[in-house]
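As a plain string of letters, each chain reads:
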Amino acid sequence: MAADDAIATYPAHWEADVLLLDGGAARLRPIKPDDAEKLVAFYTRVSPESKYLRFFAPYPQLSQHDVDRFTRVDYRTRNAFVVTIGGDVVAVGRYDVSDDACRQAEVAFLVEDDHQGRGIAQLLLEHLAQSARERGIASFVAEVLAGNGRMLQTFREAGYRVSRAFEDGVVHLEFPIASTDTAVGVMQSREHRAEARSMERFFLAGSVAIIGASRHADTIGRTLVRNLVVGGYSGRVYVVNPAADAVGGMPAYKTVQDIPDHVDLAIVAVPADAVQDVVLDCAAKGVHGLVVVSSGFAETGKEGRRRQRQLVGLARSYGLRLVGPNCLGVINTDPAVCLNASLSPLMPPRGRVGFFCQSGALGVAILETVSRRGLGLSTFVSAGNRADVSGNDLLQYWEEDTATEVVLLYLESIGNPRKFSRIARRVARNKPVVAVRSGRTTQGVPVGHSVRASVAPQAAVDAMFRQAGVILVDTLDELFDVAQLVAHQPLPMGPRVAVVGNSDALGLLAADSAAAAGLTVEQAVSLGADATADDFERALDDAIDNARVDSVIAVFIPPLNTTGDQVANVLAAVGEQSDKPLVSTFLASEGVPELLRVPDLAGSAGRGSVPSYTAPEAAARALGRVTEYAHWANRAAGKVTVFDDIDGSGARALVTRVLSEAPDGRELDAEELAQLLACYGIELQPSIPVTAVDEAVAAAERLGWDVALKATADHLRQRPDLAHVWRSIDTPADMAAAWGNLTGMIDEPARADFVVQRMAPPGIPVSIGSLEDALFGPIISFGVAGPPSELLDDVSYRIPPLNDDDAADLVRDVKAAPLFFGYRGSQAIDVASVERVILRLSRLKDDLSEVEVLNLGLVLASADGVAVLRAFGRVMPAPNARSDWFTRRLADPTGSEDTLSGPLRAGA
């Protein structure tokens, strides 16, 4: 089919901002006919050698026929992507279907020489493969000259199973493009390196330009200059002000381009309507990153949102990353750098904690609290409106940063929860990640933040954090309480604690608080009001040496005959030498008092310092949170169950057929539900709708008797006071009696939606639900079926993909879980069978985003297994890829402005 005759609707959802391996940004999008001039200009910049490697012959220029063929595609059998930086095309990748019957296409790339080695070909391959999968293409082939080692390496490292043949100096490559675990792993590894590198450019900037610096002392620009200089920044500082010759004794430049030396980082403090001009100026200079402290963007309303989208799009199109706008700034306390590129006059002490904060307004208060508590930071970022750089980027950086051992997050919104969960789960295996999320009750999103609309309930959001190993706390105070523990003390190996103190009242309060935090008080020692420092030392040593104790809470209030200094020396000495965590309520002080510090090389509180809390409740609560995290971190990582009987292509074909018949989506009928579930190894027990007793008898005969007659209408199933099921029907007479009894009890039996179904073994009714959320992607829920679970909100949630531990935790998280394990002498159910159904449904939802809802509303779980008796499903077109799909892409800055909340009931 000729391109001109094809239906060539431009696939806008394939457009993406991407990060290159060196941390620079670029734009990747499908090619358009009006790219002809840019394509010709690009080709003139490509070296003769690169042209030869692409076309296997000298090819000095493109003919008009070539240009038309390359730029006019149907995005189906012929497709091409371009990568642009600053509006210029720097790379082209394409595929052409070569064998329609085999669903095979030939793929090729050409990258401008100056941009080779930045990972562009790998990005093009990822996005071409994803677009090809959407068009039903199964494999790629490529012809590569044997001397083209760089391109051969691109294919070899892609993670696909590549077969190759060699003939006449040409290597023929062929590989399926299904998203294997290996290919996805390669993609995520590259994503990690690129995002970490882009953040490193901010923290290790060797030169900084402050744009908008003023001669007036009370201006934002002047404050930024002062903070950089006073903070001891080791790099070069430049000021840009077109209306001044000097600022603060430093020469001022009219533009960034006028600066004679290279500039790594630009801090922008100009009016919002002037920021775009600054971006162009910085791009022309080759600046790597922008910190935009200017306000007047999305936080101001519709016009500000438009301005913010333009700002992000412009910055990324020229290869720049952006922190902000409306932010506090960036700090690196490394003595070799001492970068205070922020509005905070306070340079926090050097420490081992990385802090990401979205709120600019709270940033200064947070930094003051950090210093007061003696916590110490490695790096700090206040992202403001979070238009570009987000917490995910910082997690990628901190994972490899040896100076950062603890990660703190103050989150006001989450733009990409699936990606956050994936990265946080990996980071938390080695470094504690502590987060506080504002708006948890209201599901509110701060003005200026853009996220996709969500119907996920708060319990599902909290479960996502727990699933990823993140220590989720409720307040900033609790954030610092936990942080000072994990930053200075070892992790507890279990929940058993000892309480040692010189106050009976406080000791009892500490023990009660520990029990309330889920800890077990193994030992309680009351030394009495006249206890000496030596008494404390002996008691603490005894508690730490006790093999049945995992952590110690020390309580001290000043008696008449013992000074705080003496006990402090004991606590500090014991804390430094102990391999078990030691926390204290020491003189009701907060943080790590000077007396309890073990100084590290930078002079701040080091490992072994004993954190103090104003009250025993705070100490016990923090210890409980950390103990729960330690249990997660020390547990072997869960395994992904591989089901060999899954028919993914059959399920995909079924969904595609339904959507071809109903483009706007619809509910699945009983036969379609059974087929879809069967593709993933879930058997749905057949049920036959009936409207009269003779139909019920005929249905029972088809099923072989031993059946149940059920009224399935919602208004009857949810009535605990009204029988809607008649069980163990074996004969026509039994069916007639059952029909008469049920229709006699039910008002308007014509609305009862009666069905006949084969009897299942007696068991506990549970419900397993799934939902496709625009923000979180697939969500799995679980609970005991029926109104009590809904009324008491006894439903648990997890975000796929799930491993075996996730499925086990999902079942055990509900308060009714003891029912499954022989509560009060009852027979335990086959929990493993329930977990397998959960894992299968999770896999289905992870594979098929078009399945908007698929709920197993009634699953009867018994000692002999499970029987799925009722299900409901609905498919809808998936207009956009999930936020964490099989290609690398930066977050879309044009997301919806509001997050909506709504219920997800197991069995809804």
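Everything quoted here is computed from the prediction, not taken from an experiment. (Residues numbered from 1 in each chain as written. Predicted model: local features only at pLDDT ≥ 70, side-chain atom pairs only at ≥ 80, totals over all residues. Heavy atoms only, no water.)

A.B. asks: Would you mind going over the sheet that holds strand β10 (residues 236-240) in detail, with residue names and values included?
C.D. replies: Strand order in this open sheet of seven strands is β11-β12-β10-β9-β13-β14-β15, and the pairing throughout is mixed. Looking along the sheet, the strands with just one partner apiece sit at the ends: β11 (246-247) and β15 (321-323). Where β11 and strand β12 (residues 250-253) come together, two bridges link them in antiparallel fashion. Counterpart to V247 in the pairing with β12 is M250. In this fold helix α6 (residues 181-203) packs onto β13 (265-268), β14 (289-292) and β15, with an angle of close to 60 degrees to the strand it touches most, β15. (Pairing = 2+ DSSP bridges. Helix = DSSP H or I, 4+ residues; strand = E, 2+ residues; numbered from the N terminus. Contact = heavy atoms within 4.5 Å. Axes fitted to C-alpha atoms, helices over the stretch in contact; angles between N-to-C directions.)

A.B. asks: An account of the packing of aromatic side chains is needed here, citing residue identities and associated values.
C.D. replies: Counted according to the given criterion, the structure contains 20 aromatic pairs. A centroid spacing of 5.9 Å and a plane angle of 55 degrees characterise the contact between F355 and F380, whose relative ring orientation is tilted. You can see F355 sitting in strand β18 (residues 350-357) and its partner F380 sitting in strand β19 (residues 377-382), a full 25 residues away along the chain. According to the relative accessible area criterion, F355 is buried, its value standing at 0%. Ring plane angle 20 degrees and centroid distance 5.4 Å describe the contact between F556 and F586, whose orientation is recorded as stacked. Taken together, the positions of F556 in strand β25 (residues 551-556) and F586 in strand β26 (residues 582-586) put the pair 30 residues apart, joining distant regions of the chain. Assessed through its relative accessible area of 1%, F586 is described here as buried. One residue, R54, lies across the ring of F55, its end atom 4.5 Å from the ring centre. (Phe/Tyr/Trp six-rings, centres within 6.5 Å; stacked < 30°, edge-to-face > 60°. Buried < 20%, exposed > 50% of the residue type's maximum accessible area, 1.4 Å probe, protein only. Lys NZ or Arg CZ within 6 Å of the ring centre and 35° of its normal.)

A.B. asks: Give a description of unusual backbone geometry that names residues and reports values.
C.D. replies: With an omega of -5 degrees, the peptide bond running from G324 to P325 counts as cis. Along the chain, P325 turns up in the loop between β15 and β16 (329-332). The step from P800 to P801 runs through a cis peptide bond, and the omega angle for that step is 5 degrees. Within the secondary structure, P801 is located in the loop between β34 (796-798) and α25 (804-812). Backbone geometry at R103 places phi at a positive 55 degrees, although glycine is not the residue there. Among the structural elements, R103 can be located in the loop between β4 (88-99) and β5 (104-111). The phi dihedral of D168 is positive, around 55 degrees, even though this residue is not glycine. Take D168: it is sitting in the loop between β7 (163-167) and β8 (170-176). Accessibility expressed as a relative area gives 73% for D168, which makes it exposed.

A.B. asks: Go over helix α7 (residues 220-230), please, and point to the residues and values.
C.D. replies: Buried residues of α7: G221, T223, L224, V225, N227 and L228, and no others. In this fold, the buried residues of α7 make contact with β9 (207-211), β10, β12, β13 and β17 (339-342). After α7 finishes, the residue G232 shows a positive phi value of roughly 85 degrees.

A.B. asks: So what's going on with the confidence of the model for the protein? Which residues, and what values?
C.D. replies: Per-residue pLDDT for the protein has a mean of 91; in total, 94% of the residues score no lower than 70. Confidence drops under pLDDT 50 across residues 895-908; counting only partners more than four residues distant or on other chains, this segment forms 47 contacts. (pLDDT = per-residue confidence, 0-100.)

A.B. asks: Break down the pairing of strand β32 (residues 764-773) for me, with residues and values.
C.D. replies: Remark: a regular strand shows side chains that alternate across the two faces of the sheet. The buried fraction of β32 is high, at nine of 10 residues. With five bridges connecting them, β32 and strand β35 (residues 851-862) associate as antiparallel partners. Residue L771 lies in a different strand from β35, and its bridge partner there is V853. In this structure, β32 lies alongside strand β33 (residues 777-784), joined through eight bridges in antiparallel fashion. Each residue of the ladder has a partner; that of S767, found in β33, is G783.

A.B. asks: For the side chain of E126, give the residues involved together with the corresponding values.
C.D. replies: With respect to the secondary-structure elements, E126 resides in helix α4 (residues 120-134). E126 gets classed as buried once you look at its relative accessible area, which sits at 8%. If we skip the residues at most four places from it in the chain, E126 touches M187, R190, T887 and R888.

A.B. asks: Go over the state of the cysteines with me, naming the residues and quoting the values.
C.D. replies: Inspection of the entire model under this criterion finds zero disulfides. Here C282 stays free of any disulfide, with the sulfur of C327 as its closest cysteine sulfur at 14 Å. A relative accessible area of 0% means that C282 is categorised as buried. (Disulfide = S-S within 2.5 Å.)

A.B. asks: Now, about the pattern of salt bridges: what can you tell me, with residues and values included?
C.D. replies: Here the structure, examined in full by the defined rule, presents 51 salt bridges. R27 is the salt-bridge partner of E15, the closest N and O atoms lying 2.9 Å from each other. Here E15, found in the segment before β1 (16-19), pairs with R27, found in strand β2 (residues 25-30); they are 12 residues apart in sequence, far enough to count as distant. Taking the relative accessible area as the measure of exposure, E15 reaches 23% and is therefore partly exposed. Here D846 makes a salt bridge to R418, at a shortest N to O gap of 3.3 Å. Of the two residues, D846 is situated in helix α26 (residues 831-847) and R418 in helix α12 (residues 417-428); the sequence distance between them amounts to 428 residues. On the basis of relative accessibility, which here comes to 19%, the residue D846 falls in the buried class. Linked through salt bridges whose partners overlap, the residues forming this network are E15, D17, R27, R316, R321, D388 and D393. (Salt bridge = Lys/Arg side-chain N within 4 Å of Asp/Glu carboxyl O.)

A.B. asks: Now, about the packing of helix α8 (residues 275-285) against helix α9 (residues 302-317): what can you tell me, with residues and values included?
C.D. replies: Where α8 meets α9, the closest approach of the two axes is 10 Å, and the angle between their N-to-C directions is 0 degrees. With respect to α9, the element α8 is oriented roughly parallel. Contacts from V275, Q276, V279 and L280 of α8 reach α9 at R307, Q310, L311, L314 and A315. Partitioned by chemical class, the residues of the contact of α8 with α9 number six nonpolar, two polar and one charged. (Parallel < 35°, antiparallel > 145°, perpendicular 65-115°, else oblique. Nonpolar A, V, L, I, M, F, W, Y, C, P; charged D, E, K, R; others polar.)

A.B. asks: Pulling in residues and values, what's your account of the sheet that holds strand β29 (residues 707-711)?
C.D. replies: In spatial order, the strands read β28-β31-β29-β30; together these four strands make up an open sheet with antiparallel pairing. Of all the strands in the sheet, the pair left with one neighbour each is β28 (687-689) and β30 (725-729). Between one strand axis and the next, the sheet turns by 20 degrees as a mean value, whatever way the strands run. Pairing analysis gives three bridges linking β28 to strand β31 (residues 754-758), with the strands arranged antiparallel. Residue pairing for β31: P689 is matched across the bridge by V755. Its contacts with the sheet place helix α23 (residues 732-745) against β29, β30 and β31, and it is angled at close to 170 degrees to β30.

A.B. asks: Run through the pairing of β4, naming residues and quoting values.
C.D. replies: Here strand β3 (residues 78-85) pairs with β4 via eight bridges, running antiparallel. Directly across from R78, in β4, lies its bridge partner D96. Linking β3 back to β4 in an antiparallel pair, the connection comprises two residues, with G86 at a positive phi of about 65 degrees. For β4 and β5, the ladder comprises eight bridges, and the chain directions are antiparallel. What sits directly across from Y95, in β5, is V107.

A.B. asks: I'd love a proper account of the nonpolar core, names of residues and values included.
C.D. replies: Residues F355, F420 and F465 are the most contacted members of the largest nonpolar core, which totals 105 residues. If we ignore the near neighbours within four places in the chain, the residues touching F465 are L411, I414, F420, A435, R437, V470 and L472. Core analysis: the second largest hydrophobic core is formed by 53 residues, V90, A121, A142 and I177 among them. (Core = buried A, V, L, I, M, F, W, Y, C linked by side-chain atoms within 4.5 Å.)

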